[in-house]
Amino acid sequence: MEDKTSTLRLIYPQWQGGIVNHWMPDLPADDASRGYYLGAQLLNILAPPSPQKTVEVPISLDINDRETDLGISARKVILKQTKAALELLHENAPEKIITLGGECSVSVVPFTYLAAKYPDDIAIVWIDAHPDINLPYDEYKGYHAMALTACLGMGDEEILQLLPGMFKVSNTLIVGLRSWDEGMKERQKNLGIKGLSPEEVAKDSSSILKWLKGTGASKVVVHFDMDVIDPADMIAGVGVEPNGMKIDEVVRVINNIASKYDLVGLTVAEPMPRIAIKLRNMLDRLPLLK
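Thresholds applied
- Residues numbered from 1 in each chain as written.
- Predicted model: local features only at pLDDT ≥ 70, side-chain atom pairs only at ≥ 80, totals over all residues.
- Heavy atoms only, no water.
- Salt bridge = Lys/Arg side-chain N within 4 Å of Asp/Glu carboxyl O.
- Helix = DSSP H or I, 4+ residues; strand = E, 2+ residues; numbered from the N terminus.
- Core = buried A, V, L, I, M, F, W, Y, C linked by side-chain atoms within 4.5 Å.
- Buried < 20%, exposed > 50% of the residue type's maximum accessible area, 1.4 Å probe, protein only.
- Contact = heavy atoms within 4.5 Å.
- Pairing = 2+ DSSP bridges.
- Axes fitted to C-alpha atoms, helices over the stretch in contact; angles between N-to-C directions.
- Phe/Tyr/Trp six-rings, centres within 6.5 Å; stacked < 30°, edge-to-face > 60°.
- Lys NZ or Arg CZ within 6 Å of the ring centre and 35° of its normal.

## Let's talk about the pattern of salt bridges
Opposite charge on two side chains permits them to pair, given that their charged atoms come into close proximity.
Part 1 of the reasoning: Scanning the model with the defined rule gives 12 salt bridges in all.
Part 2 of the reasoning: One salt bridge connects Asp-31 with Arg-280, and the closest N-O pair in it is separated by 3.4 Å. Placement of Asp-31 in helix α1 (residues 29-33) and of Arg-280 in helix α10 (residues 274-284) is noted, with a sequence separation of 249 residues between them.
Part 3 of the reasoning: One salt bridge connects Glu-95 with Lys-117, and the closest N-O pair in it is separated by 3.7 Å. Taken together, the residues Glu-95 in the loop between α3 (75-92) and β5 (96-101) and Lys-117 in helix α4 (residues 108-117) connect sequence positions 22 residues apart.
Part 4 of the reasoning: Look at the salt bridges and you will find they share partners, linking Asp-69, Arg-75, Lys-76, Asp-156 and Glu-158 into a network.

Have a look at this one:
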């Protein structure tokens, strides 16, 4: 039986890496921007009880502290929160990490920590509608779109100097991929990162398991971005691109990986709780509740 006491539950409600409010005109802009913060808290509430130790990365809620610096929106805040997350991991020295976020960049610190802990014996499976391989000089300045490249040791030099480790491109797989920013499909090809579409994993996980066997790694980290899910099944993230993975398919893929390999890191990221935000704002307007 797995020793869950060696697994750290990291609540990482970082929202600053996303520039997303323009995709949700039905929500107040500030609430949409900070929606990932509430999303992370809800994931922690909804997650099953566990003996895992739980720690939370302190996150600023200052909506105005989002200056773009060196090609990254809210870079100074993200740097500060990156350091705080690393301090928590070094203090607790976990064997495994479950991260509840927050936008996609919440995987960067725990995954690179695990890459340093298990060097040359770890692979990364990035389950996402998008490749997240942007760089600071690209048009879009949200750090969440740079999360996978950061895990691969590419991006902002000061952030990279903080990160404990990195992954090999040959040990990196993107699953559920169906949407690219301009130029990202070409970058993925040039970097040599293998991607599998939702259709390629719809029936079974054999293509993923075959790829993992080829890496020679015994340990795996999995990033699960909620926008990989088909909006016809559930709208849980910001993205609503059609023809995504079904909930049962994502669950099956992750469990199949865990049954064959040592799953040392799992992130659930990018929950955008639209209904919860609207409920909260409704309650805030009612009498006798304050």
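Next comes the rest of the description.
## Structural notes on the nonpolar core
Part 1 of the reasoning: Ranked by internal contacts, the top residues of the largest apolar core, which has 56 residues, are Trp-126 and Phe-167.
Part 2 of the reasoning: Secondary structure elements with two or more residues in this core: β1 (7-12), α3, α4, β6 (122-127), α5 (147-151) and β10 (262-269).
Part 3 of the reasoning: For this core, the element with the most residues is α3, which contributes 7 residues.
Part 4 of the reasoning: Residues within four places of Trp-126 in sequence aside, it is in contact with Cys-104, Ser-107, Phe-111, Pro-131, Asp-132, Ala-147, Leu-148, Cys-151, Leu-173, Ile-174, Val-175 and His-223.
Part 5 of the reasoning: By size, the runner-up hydrophobic cluster in this structure holds 32 residues, among which are Ile-208, Val-222, Tyr-261 and Val-268.

## Brief notes about the sheet that holds strand β7 (residues 172-175)
Part 1 of the reasoning: If you trace the 8 strands from one edge of the open sheet to the other, you get β2-β1-β5-β10-β9-β6-β7-β8, paired in parallel fashion. In this open sheet, the two strands that pair with only one neighbour each are β2 (53-56) and β8 (194-196). Shown here is a sheet whose adjacent strand axes are inclined to one another by a mean of 20°, direction ignored.
Part 2 of the reasoning: Bridge count for β1 against β2 is 4 bridges, and the pairing is parallel. Counterpart to Ile-11 in the pairing with β2 is Glu-56.
Part 3 of the reasoning: Helix α2 (residues 35-46) contacts β1, β2, β5 and β10 of the sheet and is inclined by roughly 130° relative to β5.

## A word on the environment of Gly-176
Part 1 of the reasoning: You can see Gly-176 is positioned in the loop between β7 and α7 (184-191).
Part 2 of the reasoning: A relative accessible area of 0% means that Gly-176 is categorised as buried.
Part 3 of the reasoning: Once the C-alpha coordinates of Gly-176 and Thr-112 are considered, the two residues, 64 residues apart in sequence, prove to be 22 Å apart.
Part 4 of the reasoning: Residues in contact with Gly-176, not counting those within four places in the same chain, are Asp-128, Ala-129, Leu-196, Ser-197, Pro-198, Val-228 and Met-245.

## Structural notes on the packing of aromatic side chains
Think of a pair of aromatic rings as described by two things: how far the centres are apart, and how the planes are tilted against each other in angle.
Part 1 of the reasoning: According to the stated counting rule, one finds 1 aromatic pair in the structure shown.
Part 2 of the reasoning: An angle of 85° between the planes, with centres 6.4 Å apart, marks the rings of Phe-111 and Trp-126 as edge-to-face. Of the two residues, Phe-111 sits in helix α4 while Trp-126 sits in strand β6, which places them 15 residues apart along the sequence.
Part 3 of the reasoning: On the basis of relative accessible area, Trp-126 is assigned to the buried category, the value being 0%.
Part 4 of the reasoning: The ring centre of Trp-180 lies 4.2 Å from the NZ or CZ of Lys-185, which sits over that ring.
Part 5 of the reasoning: Over the ring of Tyr-118 we find Lys-219; its NZ or CZ atom is 4.9 Å from the centre of that ring.

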